[in-house]
Amino acid sequence: MSCGNARVGGILPRKCFSGIGRQERLSPLLFYGKTPAGGCLVATLPASEKGAFRRVERGSLVKRRSGIEAEGRRPIACIIPPFLLERMAEAGDSAIRRRAVVDLAQATAVHAVRDLVRTMPSLLATPSPSCCRDRLIYDAGGSDNLPGRLVRREGDRRSRDPAVNEAYDHSGATYDFYSEVFGRNSLDDAGMTLISSVHAGEADGEGYQPMNNAFWNGSQMAYGDGDGLVFGRFTQALDVVAHELTHGVQSFTSNLVYRGESGALNEHFADVFGVLVRQWSQAGAAKRGRRKEGASTKDRKATSRSERSWLIGAELVVPAATRRAVRDMQHPGTAFVNDPLLGTDPQPAHWKDRYRGTADRGGVHINSGIANRAFVLAAEALDDEPWQTAGRIWYDTMLEIPSRASFADAARVTTRIARDDHGAVAAEAVREAWKAVGVKVSAAKRAAGAA
Ligand SMILES: [Zn+2]
């Protein structure tokens, strides 16, 4: 299809969609252009056929996709999954639509770097000068020029900018969690410096917009300030920061391929340790508070089951009756329901309902809900804090699971590690948890303890 006369910001010429069937015309369409990175979203076309589009170069409009069935692009591993951005790209509000289109293009570019880093993670690692916790916080000044201006180093006084302090505190809490709970020295277990840029922006052809996402690009974190309508400042949520940094840990360990079942497991491990860092940090704060008040050791149990939150990104979403978080690990599919901008959470809670399509790299942010629920069930069945037995089993699994692992592999490895290192009760809890979400560990393989 030739659309060489398309103008940036103009009306899409009728001949550009002359081959589109009636059914497809009724729903908003998303158009993808060819880029060296493999293609990115360049325009939206509402049903009125008058959608403005941007970043279209002469002759570059080559593909059309509808809804979330958009393949052929590079994967996106930001905290906000592509199907949500695509949904927002279809919003009636032009400001939201414009922002979502830019976010998708940005995420695509980021992933070109991440793909490289996946094969050579040590390439971009900055070694800590002291071989222990070392953080650098930069201010990107609303641009995409990373990292930006250095505003806080390890040990510096607090800043007047809350985003700087949140990035500093949350990357520090993530470092401390991995160090104190698992004895891991930073993402690479070799003291890599944790670099964050706050106030990251995105160019949209008319200037910079605050980024509506957060990402780990293989060498550093970057946080946007959000649109204030759906998402707030991305540094606010500790679980979001820890989720992204766990993608970093994975690039140095299991390196799970970011597609299909292994990709959903990659997202799953990022959610597990994202939520555990938050729970562990909150428990530490609660314990410190109780010590101050002189409470007895009877209240040592930091969190009761009913107090535990398994939400991802609850602090991130702008409150509304139709949304509570980005994901709910305990009750997948309920984080947002009939939301005018986000739609309904597509995560299944059981293997039989797994997503089988090609969107979202084969459902990496969708099917992760199944494994997330298995983890919560295992953790809740064990009589200690979730980061203790269950967290340790999942951490050891993340270190050794093969990069193309399936859900059945994850069930088998977690069950074997539970049995070998934590005993029969733990093994039973883990096996039952996987069984409850429809992933069975076969008897023969269980006996062989195969990985
Ligand atoms: Zn992720």
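Relevant structure appears above.
Quick notes on the rules
- Residues numbered from 1 in each chain as written.
- Predicted model: local features only at pLDDT ≥ 70, side-chain atom pairs only at ≥ 80, totals over all residues.
- Core = buried A, V, L, I, M, F, W, Y, C linked by C-beta atoms within 7 Å.
- Buried ≥ 20, exposed ≤ 12 C-beta atoms within 10 Å, placed from the backbone.
- Helix = DSSP H or I, 4+ residues; strand = E, 2+ residues; numbered from the N terminus.
- Contact = placed C-beta atoms within 7 Å.
- Pairing = 2+ DSSP bridges.
- Expected span 1.5 Å × (residues − 1).
- Axes fitted to C-alpha atoms, helices over the stretch in contact; angles between N-to-C directions.
- Parallel < 35°, antiparallel > 145°, perpendicular 65-115°, else oblique.
- Left-handed = near helix turned anticlockwise from the far one by under 90°.
- Nonpolar A, V, L, I, M, F, W, Y, C, P; charged D, E, K, R; others polar.

Participant: Residues and numbers for the nonpolar core, please.
Facilitator: Grouped together as the largest cluster of nonpolar side chains are 102 residues, with contacts concentrated most on Ala-214, Tyr-223, Ala-374, Phe-375, Ala-378 and Val-430. By residue number, the principal contributor to this core is helix H6 (residues 260-293), which donates ten residues. Ignoring anything within four residues of it in the chain, the contact list for Ala-214 reads Cys-78, Ile-79, Met-221, Ala-222, Tyr-223, Gly-224, Phe-234, Val-240 and Glu-244.

Participant: I'd like to hear about the pairing of strand E4 (residues 135-139), residue by residue, with values.
Facilitator: Taken across its five residues, E4 has five buried, putting it largely inside the fold. Side chains Arg-135, Ile-137 and Asp-139 of E4 all project onto a buried face; the interleaved residues Leu-136 and Tyr-138 project onto the opposite face, where all are buried too. Here E4 runs beside strand E6 (residues 194-198); their pairing, made up of five bridges, is parallel. Within the sheet, the bridge partner assigned to Asp-139 lies in E6 and is Val-198. Relative to strand E5 (residues 149-153), E4 is paired through four bridges, and the arrangement is antiparallel. Residue pairing for E5: Tyr-138 is matched across the bridge by Leu-150.

Participant: How would you sum up helix H10 (residues 407-422)? Please name residues and give values.
Facilitator: Think of an α-helix as turning once every 3.6 residues; residues three or four places apart then point the same way. For H10, spanning 16 residues, the distance from its first C-alpha to its last is 21 Å, which sits close to the expected 22 Å at 1.5 Å a residue. Taken residue by residue, H10 has Phe-407, Asp-409, Ala-410, Ala-411, Arg-412, Val-413, Thr-414, Thr-415, Arg-416, Ile-417 and Ala-418 as its buried positions. Remark: Gly-423 follows H10 within two positions and exhibits a positive phi of approximately 95 degrees.

Participant: Break down the pairing of E6 for me, with residues and values.
Facilitator: Here E6 lies mainly inside the structure; five of its five residues are buried. Going residue by residue along E6, you find Leu-194, Ser-196 and Val-198 tucked away on one face and Ile-195 and Ser-197 tucked away on the opposite face as well. Examined bridge by bridge, E6 and strand E10 (residues 221-223) share two bridges and lie parallel to one another. Bridged to Ser-197 within E10 is Ala-222.

Participant: Outline the environment of Val-439, listing residues and values.
Facilitator: Structurally, Val-439 can be placed in the loop between helix H11 (424-436) and helix H12 (443-448). Along the backbone, Val-439 and Arg-412 are 27 residues apart, and their C-alpha atoms lie at a distance of 9.6 Å. In contact with Val-439, other than residues within four places in its own chain, are Trp-351, Ala-374, Phe-407, Ala-408, Ala-411 and Trp-434.

Participant: Summarise the sheet that holds E4; cite the residues concerned and give the values.
Facilitator: Spatially, five strands are ordered E5-E4-E6-E10-E9 in an open sheet, and the strand pairing comes out mixed. Strands with a single pairing partner mark the edges of an open sheet, and in this sheet they are E5 and strand E9 (214-216). Direction aside, neighbouring strands of the sheet carry axes that sit 20 degrees apart on average. Each of E9 and E10 is contacted by helix H5 (residues 238-251), which is oriented at about 25 degrees to E9, the strand it contacts most.

Participant: So what's going on with the packing of helix H9 (residues 389-400) against H10? Which residues, and what values?
Facilitator: The geometry of H9 relative to H10 is characterised by a closest axis approach of 9 Å and an angle of 120 degrees between their N-to-C directions. Our classification of the angle between H9 and H10 gives oblique. Considering the relative orientation of H9 and H10, their crossing is right-handed. Counting all contacts with H9, which are made through Thr-389, Ile-393, Trp-394, Asp-396, Thr-397 and Glu-400, the residues of H10 involved are Ala-410, Val-413, Thr-414, Ile-417, Ala-418 and His-422. Among the residues forming the contact of H9 with H10, the class breakdown is six nonpolar, four polar and two charged.

Participant: Talk me through the environment of Asn-338; I want residue IDs and the actual numbers.
Facilitator: If you trace the backbone, Asn-338 turns up in the loop between strand E12 (327-328) and helix H7 (359-363). Residue class for Asn-338 comes out exposed when judged on the 10 C-beta atoms lying within 10 Å of it. Once the C-alpha coordinates of Asn-338 and Ala-321 are considered, the two residues, 17 residues apart in sequence, prove to be 9.7 Å apart.

Participant: Let's hear about unusual backbone geometry: which residues, and what values?
Facilitator: The amide bond that connects Leu-146 to the next residue, Pro-147, takes the cis arrangement and shows omega of 5 degrees. Tracing the backbone shows Pro-147 in the loop between E4 and E5. Phi angles above zero are rare outside glycine, and His-199 is one such case at about 55 degrees. Turning to its location among the elements, His-199 is positioned in the loop between E6 and strand E7 (201-203). You can call His-199 buried: it has 26 C-beta atoms within 10 Å. Of note in this structure, Asp-360 is not a glycine but carries a positive phi near 55 degrees. Judged by local crowding, Asp-360 falls into the buried class, with 27 C-beta atoms found within 10 Å.

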